[in-house]
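Coordinate inspection notes
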Amino acid sequence: MNENEWLAARFETDRARLRAVAYRVLGSMPEAEDAVQEAWLRVTRADAAAVENMSGWLTTVVARVSLNMLQSRKSRREDLVDAPDPDRAHHRETESADPEQEALLAESLGAAMFLILDTLTPAERLAFVLHDMFAVPFEEIAPIVDRTPAAARQLASRARRRFQRQGIVPDAAGTARKNVPVPDAAGTARKNVPVPDESADAEASQAGKADFVHAFLTASREGDFEALLSILAPDIVVRADQAAVRMGMATGIGMATGMGLTEEIRGTDAVTRAFAKLSWAPVPALIDGSAGLAYVRDGVPHAVFRFDIADGLITDIDIRADLTGLDIIILS
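Residues numbered from 1 in each chain as written. Predicted model: local features only at pLDDT ≥ 70, side-chain atom pairs only at ≥ 80, totals over all residues. Heavy atoms only, no water.

**Describing the overall build of the protein chain**
What counts here: Secondary structure counts use DSSP, requiring at least four H or I residues in a row for a helix and at least two E residues in a row for a strand, with both numbered from the N terminus. Under the scheme applied here, a residue whose accessible area is under 20% of the maximum for its type counts as buried, over 50% as exposed, and between as partly exposed, the area being computed with a 1.4 Å probe on protein chains only. Residue contacts are counted whenever heavy atoms from the two residues lie within 4.5 Å of one another. Note on areas: these come from Shrake-Rupley sampling with a 1.4 Å probe, and a residue is covered only by the protein chains present in the view.
Within the protein chain one finds 15 helices and eleven strands. Expressed as a percentage of its 332 residues, the buried residues of the protein chain come to 53%. If you take every contact in the protein chain between residues at least 6 apart in sequence, the share linking residues at least 24 apart comes to 62%. Accessible area of the protein chain: about 14,600 Å², with a carbon and sulfur share of 50%.

What follows is the structure, given as structure tokens:
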């Protein structure tokens, strides 16, 4: 397989996710398909061989194309911002009703969701979609919208408040749910590690949960014991299935203590010792629609890390290498 064939095959692997990103940004399946095709043309003209994080790079390319299309549309139809058309939103919801396309996207956004998205600026809409629906860190969103990470966070926060005022919660799959409060998932910096606002109810917000997962991963990689302790519940429990225990050294867990991964680890001290100062391989992922981590080899997930959050702290981490029945989307 030559380089062009490899690149085409790699792009096809991510196509469904890239289409989902474009669709949620643009709200139109035909436009999403156009955005993905334009992204492919840009990819073929770029030096893809120098890219280390292919999935993240492809997401960035599609996001930039989608943002340009959205800005062009807004410049032609300024009335969308002040007076969204319910009929138009409903049409966008139904125009993607082809069963095969819907299977690839998992499920479409509702009309109410589109109505609110249409009131956002292009930058707000992109920041909100990438972070709250696909758990993309603000550090990666910032250059796409030509803002600092803090400013990108504010863009998503303003968009999130618009949904809050309407009592609508878009989850990670892009489904609109009514009457569920969404707290602000803004994090505070501590030693350059993004730590989520502990007052936020992260269980009600995938954005908040993604921030906790990102903070945990960053603190673990940097060996920041203080940051880890600040986000772990005193009685935290880490559980692993038998398959995960068998591949414990491959995932890197337990290497700090030299004891390997066991079926259960309890308490902040033990968990911090097990997870700190590791050369971490897991990457952000959506696991059954919830923010988590996945250990990936050759583009295939081999283990996942699922998190439970309560009262602003991580209370449980579930490590599974038996992935039967799990819906896993690798985010970067």
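**Concerning unusual backbone geometry**
For Ala-135, which is not glycine, the phi dihedral falls at a positive 55 degrees. With respect to the helices and strands, Ala-135 occurs in the loop between helix 8 (122–134) and helix 9 (138–145). At Asp-146, a residue that is not glycine, the phi angle is positive and equals roughly 60 degrees. Here Asp-146 is to be found in the loop between helix 9 and helix 10 (149–165).

**Regarding the environment of Tyr-23**
When you line up the elements, Tyr-23 lands in helix 1 (residues 3–26). Overall, the relative accessible area of 0% leaves Tyr-23 in the buried class. Measuring from C-alpha to C-alpha, the distance between Tyr-23 and Val-36 comes to 9.7 Å, with 13 residues separating the pair along the chain.

**Concerning the sheet that holds strand 9 (residues 300–310)**
In plain terms, the rule: Between any two strands, at least two bridges found by DSSP are needed for them to pair. Interaxial angle, 0 to 180 degrees, is taken between N-to-C directions of lines fitted to C-alpha atoms, where a helix line uses only the stretch in contact.
Strands sit in the order 6-5-10-9-8-7-11 across an open sheet of seven strands; the sheet is mixed. Here the strands that pair on one side only, and so sit at the sheet edges, are strand 6 (264–266) and strand 11 (328–330). Sheet twist, expressed as the mean angle between neighbouring strand axes with direction ignored, is 25 degrees.

**Quick notes on the pattern of salt bridges**
Going by this rule: Each reported salt bridge corresponds to a side-chain nitrogen of Lys or Arg within 4 Å of a carboxyl oxygen of Asp or Glu.
Under the defined criterion, the tally for this structure stands at 13 salt bridges. Put simply, Arg-15 and Glu-12 hold a salt bridge, and the shortest N to O gap is 2.8 Å. Pair noted here: Arg-15 and Glu-12 are both in helix 1, with a separation of three residues, about one helical turn. On the basis of relative accessibility, which here comes to 18%, the residue Arg-15 falls in the buried class. Between Arg-239 and Glu-264 there is a salt bridge, and its shortest N-O distance comes to 3.6 Å. Within this pair, whereas Arg-239 is found in strand 5 (residues 232–240), its partner Glu-264 is found in strand 6, the two being separated by 25 residues in sequence. A single salt-bridge network, built from bridges that share partners, covers Arg-239, Glu-264, Arg-266 and Asp-316.

**A word on the packing of aromatic side chains**
For clarity, the cut-off: Note on aromatic contacts: the rings of Phe and Tyr and the six-membered ring of Trp form a pair at centre separations within 6.5 Å, being stacked when their planes are under 30 degrees apart, edge-to-face when over 60 apart, and tilted otherwise.
By the definition in use, this model includes three aromatic pairs. For the pair Phe-11 and Trp-40, a centre-to-centre distance of 5.1 Å together with 55 degrees between the ring planes defines the contact as tilted. A residue pair is termed long-range when its members are at least 10 positions apart, and Phe-11 in helix 1 and Trp-40 in helix 2 (residues 29–45) qualify at 29 residues. With centroids separated by 5.1 Å and ring planes inclined at 65 degrees, the aromatic side chains of Phe-216 and Phe-275 adopt a geometry described as edge-to-face. Here Phe-216 is found in helix 11 (residues 206–222), whereas its partner Phe-275 is found in helix 15 (residues 268–275), with 59 residues between them in sequence. What makes Phe-216 buried here is its relative accessible area of 1%. A relative accessible area of 0% means that Phe-275 is categorised as buried. An aromatic cluster of three or more residues is present, and its members are Phe-216, Phe-275 and Phe-307.

**Let's talk about helix 2**
The condition is simple: The span one expects for a helix is its residue count, reduced by one, times 1.5 Å. Side-chain atoms alone can form a polar contact between residues adjacent in sequence; in general such a contact is a pair of N or O atoms within 3.5 Å, and within protein one must be able to donate a hydrogen while the other accepts it.
Across its 17 residues, helix 2 extends 25 Å between first and last C-alpha, which sits within 8% of the 24 Å expected from 1.5 Å per residue. Structurally, the start of helix 2 carries an N-cap: the backbone nitrogen of Glu-31 is 3.3 Å from a side-chain oxygen of Ser-28.

**Here's the deal with the environment of Ala-243**
On the secondary structure map, Ala-243 appears in helix 13 (residues 242–246). The spacing of Ala-243 and Asp-322 is 79 residues in sequence and 6.0 Å in space, taken between C-alpha atoms.

**So, the nonpolar core**
This is how it is decided: Here, nonpolar core refers to any group of buried Ala, Val, Leu, Ile, Met, Phe, Trp, Tyr and Cys residues whose side-chain atoms link them within 4.5 Å.
Judged by nonpolar contacts, the single largest core of 84 residues is most densely connected at Phe-216, Phe-307 and Ile-314. Core analysis: the next-biggest nonpolar cluster, separate from the first, contains eight residues, Val-283, Ala-285, Ile-287 and Val-304 among them.

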